[in-house]
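Residue strings, one per chain:
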Amino acid sequence: KELVTAYWMELETVQNYLANSVNLQGVRAEEIKKSLAADVPAELSHAQRLAKRIHILGGWVPGSSHFKAAQTSLQPPKDTTDVVSVIR
């Protein structure tokens, strides 16, 4: 159960990093966008490792219909120039 929770957290992080790496605007945003975009493959790799571990241990890796978002702090801000909230 905890591995599945961690799996979902990694996938949700991928979604939010990807969204923020595209949505952010402004001069100060470019470095953050590049950093987030570069982190997406690493976070996806974490999810893949967790999925493999779940399977090895005899568990079932759930599909998207079982996903429930939980990471409110990582949500992309409505203000696409709010770089500070993304950094936090």
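Residues numbered from 1 in each chain as written. Predicted model: local features only at pLDDT ≥ 70, side-chain atom pairs only at ≥ 80, totals over all residues. Heavy atoms only, no water.

This brings us to the packing of aromatic side chains. One pair of aromatic rings is described through two measures. These are the centre distance and the angle between the planes. For the structure shown, the criterion picks out two aromatic pairs. Look at Trp8 and Phe67: their rings are 5.3 Å apart centre to centre, the planes differ by 55°, and that puts the pair in the tilted class. On the criterion of sequence distance, the pair formed by Trp8 in helix 1 (residues 2-23) and Phe67 in the loop between helix 2 (29-56) and helix 3 (83-87) is long-range, its members being 59 residues apart. By relative accessible area, Trp8 is classed as buried at 14%. (Phe/Tyr/Trp six-rings, centres within 6.5 Å; stacked < 30°, edge-to-face > 60°. Helix = DSSP H or I, 4+ residues; strand = E, 2+ residues; numbered from the N terminus. Buried < 20%, exposed > 50% of the residue type's maximum accessible area, 1.4 Å probe, protein only.)

This part is about the pattern of salt bridges. Scanning all chains against the criterion turns up one salt bridge. Across the salt bridge formed by Lys33 and Glu30, the nearest N and O atoms sit 3.9 Å from each other. Residue Lys33 and its partner Glu30 are both found in helix 2; the two are separated by three residues, about one turn of the helix. (Salt bridge = Lys/Arg side-chain N within 4 Å of Asp/Glu carboxyl O.)

Before going further, it helps to examine the side chain of Gln71. When you line up the elements, Gln71 lands in the loop between helix 2 and helix 3. The class for Gln71 is buried, based on a relative accessible area of 12%. Setting aside anything within four residues of it in sequence, one finds Gln71 in contact with Met9, Glu12, Thr13 and Asn16. (Contact = heavy atoms within 4.5 Å.)

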